[in-house]
Amino acid sequence: MSEKLSFVNPTANSPWGTYLSQVDRVVPYLGPLARWVETLKRPKRALIVDVPIEMDDGTIAHFEGYRVQHNMSRGPGKGGVRFHPDVTLEEVMALSAWMTIKTAAVNLPYGGAKGGIRVDPKKLSLQELEKVTRRYTSEIGIIIGPHTDIPAPDVNTNAQIMAWMMDTYSMNVGGTATGVVTGKPLHLGGSLGRVKATGRGVFVTGREAARRLGMDLRGARIAVQGFGNVGSVAAELFAEAGAKIVAVQDHTGTIVNTNGLDLSKLIPIANKEGVVAFKAGGDIVPNEDFWNVACDILIPAALEGQITAERAQKTTAKLVLEGANGPTVPTADDILAERGVLVVPDVICNAGGVTVSYFEWVQDFSSFFWDEDEINVRLDRIMMNALNQIWDTADKHKITLRTATYAVACERILMARQERGLYP
Ligand code: GLU
């Protein structure tokens, strides 16, 4: 945020600024509900916590942690926790707001929230990582809970970290509260299908978008940025459908193979050492060249702000599937639209993760667990229904899928806001 700390003054080119301009674009489609739009332009609540731990070498380290509850008009806050050295309050604000839009877009009974710790988890021992996680959970324990705000995994967090969060919260309240976080290990109230859910949602929405564009997935060339839980799973599913993964970029670099990378060999190597370690399977190229690789589908599945105006000009893709949150800046969005490139926006494209998180939470409350087929069938149905509704809205108003998603989502959120009324 600008030097004057304020919700409404975003830093230039920041994710929060991107989000605010996305909201501005939807106002003409909100009708009388536009009266309430200001409610979306500020978080309901933002908590900054100090996370002190004793490191293995005996020194005391302090990390900064955040939990932002952007909106709870439609239900408890929901959203992941990110561990990354660049995390800021302003970034977490944007990520929490995108959760509000996302849960409403797929019509889950949640609001939006997000958390983060400014830390590089790769530099911590397992014991230090556990301490950071537990102390952070304890500090945000005053605002999270199974009925108030339910964290989940995000960048650099996983099922083990969710298990520690669940345990810490449970110890503090004196019971076992499995429903306080989602993305937990399977035998601790986790759900089948959760790990692959985000990637699967990217595939399901992408397959439908390709069908509507008349693009055959067989032989389609795909470039994937980010090869974690989202990018690698989506790549696998597209490859199974006959597509060729021609370029992959992760934090170690970029690998290209115009005949298609062999994922059965790439994925195990990438999981351990990063994509560049798979030298034998393709050419290593400078990172910026990733955006020039000839492709039909581009899947940004890493961090925010990756598709800049310049990169939007360069890409040869006809379809962009936003596996990441906030990967496209507003100027790039305009360029892609002008160039006729279809963008399936983050707030629908990557909603598969939070959808199966919702299934997990429902299963925890009922203490009755579903099989994986049931989960995938329900996931696909929710994603397809949401996408079809958004597509109709886009066609009706002749607007982008992003603005259409915001129109559908913001109507639900602001209707709930209006019906609840202002307190006091
Ligand atoms: N971190 C994921 C997201 O950005 C999932 C959040 C959740 O499951 O609550 O959508």
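As the structure is a computational prediction, the values presented were derived from the model and not from experiment.

The rules behind the values
- Residues numbered from 1 in each chain as written.
- Predicted model: local features only at pLDDT ≥ 70, side-chain atom pairs only at ≥ 80, totals over all residues.
- Heavy atoms only, no water.
- Near = heavy atom within 4 Å.
- Polar contact = N/O pair within 3.5 Å; in protein donor to acceptor, adjacent residues only side chain to side chain.
- Areas by Shrake-Rupley, 256 points an atom, 1.4 Å probe, with all protein chains shown as cover.
- Helix = DSSP H or I, 4+ residues; strand = E, 2+ residues; numbered from the N terminus.
- Nonpolar A, V, L, I, M, F, W, Y, C, P; charged D, E, K, R; others polar.
- Pairing = 2+ DSSP bridges.
- Axes fitted to C-alpha atoms, helices over the stretch in contact; angles between N-to-C directions.
- Contact = heavy atoms within 4.5 Å.

S.K.: I keep staring at the site of the ligand and nothing clicks. Help me out?
M.R.: K78, K102, P153, D154 and S357 are the nearest of the 14 residues found near the ligand. K102 places a side-chain nitrogen or oxygen 2.6 Å from an oxygen atom of the ligand. Within the side chain of K114, one N or O atom sits 3.0 Å away from an oxygen atom of the ligand. Contact with the protein chains covers 95% of the free accessible surface of the ligand, which is 300 Å². Mapped onto the shell around the ligand, the elements with two or more residues apiece are β3 (77-84), α2 (89-105), β5 (149-153) and α11 (352-366). Of the residues in the shell around the ligand, the class split is four nonpolar, five polar and five charged.

S.K.: Would you take a moment to explain the sheet that holds strand β2 (residues 60-71) for this structure?
M.R.: Two strands in a sheet stick together by hydrogen bonds in their backbones, pointing the same way (parallel) or opposite ways (antiparallel). One open sheet holds the five strands; their spatial order is β1-β2-β4-β3-β5, and the pairing between them is mixed. With one partner strand each, in any of the chains shown, β1 (45-54) and β5 form the two edges of the open sheet. Neighbouring strand axes in the sheet, compared pairwise and without regard to direction, differ in orientation by 25° on average. The pairing of β1 with β2 spans ten bridges and is antiparallel. Paired with I53 across the strands is A61, a residue of β2. Running at roughly 145° to β1, helix α3 (residues 126-140) makes contact with β1, β2, β3 and β4 (112-118) of the sheet.

S.K.: Explain the sheet that holds strand β10 (residues 297-300) to me, please; I cannot follow it from the model alone.
M.R.: Judged by pairing direction, the sheet is mixed, and its seven strands sit side by side in the order β9-β8-β7-β6-β10-β11-β12 without closing on themselves. At either margin of the open sheet sits one strand with a lone partner, and together these are β9 (283-285) and β12 (342-344). Averaged over all neighbouring strand pairs, the angle between strand axes comes to 20°, with direction disregarded. Sheet topology note: the strand β6 (residues 221-225)/β10 ladder contains four bridges and is parallel. The residue of β10 that forms the bridge with I222 is I297.

It is worth stressing that arrangement in space is one thing and function is another; only the former is reported here.
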